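Chains, contacts and geometry: an overview
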Amino acid sequence: MPEVIRQLYEKVERIEALLEKFSPTVDELDRPLSIEEAASYLKITVAALYSMTSRRLVPFNKPGKRLYFLKSDLDAWINQSKNRTNDQIIAENKHRFRH
């Protein structure tokens, strides 16, 4: 039995090491991105991102003349823009009409 516990412990240590290696740190998530980096992250053109910022469709910071973006803000923006499935819409409407 002690051999099995040792093997499990070693596996857990390897998994923890992999998670530390590949998971982003808080600093990486909230490091300000340039417009070029943000456009690349969103997989759109810089021109498209400029257009979206001028129409205030995407969250950004402008502490002077330059635009900056936080990955955490962009991720939240993407998640809030999620479209509902047809099943979700039907379920919501059924719930509304019952009351």
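Below is a summary of the structure that appears in this document. Predicted model only: the values in this text are computed from it and were never measured. (Residues numbered from 1 in each chain as written. Predicted model: local features only at pLDDT ≥ 70, side-chain atom pairs only at ≥ 80, totals over all residues. Heavy atoms only, no water.)

Focus on the overall build of the chain
Summing up its helical and strand segments, the chain has six helices and zero strands in all. Secondary structure elements of the chain occur, N-terminal to C-terminal, as α-α-α-α-α-α. In terms of C-alpha radius of gyration, the chain reaches 22 Å, well past the compact-globule figure of 13 Å for 99 residues. Evaluated residue by residue, the chain yields a buried proportion of 14% over its 99 residues. (Helix = DSSP H or I, 4+ residues; strand = E, 2+ residues; numbered from the N terminus. Rg over C-alpha atoms; globule rule 2.2 N^0.38 Å. Buried < 20%, exposed > 50% of the residue type's maximum accessible area, 1.4 Å probe, protein only.)

Things to note about the packing of helix 3 (residues 35–42) against helix 5 (residues 71–80)
The geometry of helix 3 relative to helix 5 is characterised by a closest axis approach of 11 Å and an angle of 35° between their N-to-C directions. Pair helix 3 / helix 5 crosses with right-handed handedness. Contacts from Ala-38, Tyr-41 and Leu-42 of helix 3 reach helix 5 at Lys-71, Leu-74, Asp-75, Trp-77 and Ile-78. Here the residues of the contact of helix 3 with helix 5 sort into six nonpolar, no polar and two charged. (Axes fitted to C-alpha atoms, helices over the stretch in contact; angles between N-to-C directions. Left-handed = near helix turned anticlockwise from the far one by under 90°. Contact = heavy atoms within 4.5 Å. Nonpolar A, V, L, I, M, F, W, Y, C, P; charged D, E, K, R; others polar.)

Thoughts on the pattern of salt bridges
In total, this model carries three salt bridges according to the counting rule given. Between Arg-6 and Glu-3 there is a salt bridge; the shortest N-O distance is 2.4 Å. Of the two residues, Arg-6 and Glu-3 both sit in helix 1 (residues 2–22), three residues apart, roughly one turn of that helix. Judged by its relative accessible area of 37%, Arg-6 falls in the partly exposed class. Judged by its relative accessible area of 41%, Glu-3 falls in the partly exposed class. For Glu-37, the salt bridge is made with Arg-31, and the minimal N-O distance between the two is 3.5 Å. Residue class for Glu-37 comes out partly exposed when judged on its relative accessible area of 34%. (Salt bridge = Lys/Arg side-chain N within 4 Å of Asp/Glu carboxyl O.)

So, the packing of helix 3 against helix 4 (residues 46–54)
When two helices pack together, their arrangement is given by the angle between the helix axes and the distance between those axes. Between helix 3 and helix 4, the shortest axis-to-axis distance is 9 Å and the interhelical angle comes to 100°. Overall, the two elements helix 3 and helix 4 adopt an arrangement that is roughly perpendicular. For the pair helix 3 and helix 4, contact is made by Ile-35, Glu-36, Ala-38, Ala-39 and Leu-42 and by Val-46, Leu-49 and Tyr-50, respectively. Looking at the contact of helix 3 with helix 4 residue by residue, the classes come out as seven nonpolar, no polar and one charged. (Parallel < 35°, antiparallel > 145°, perpendicular 65-115°, else oblique.)

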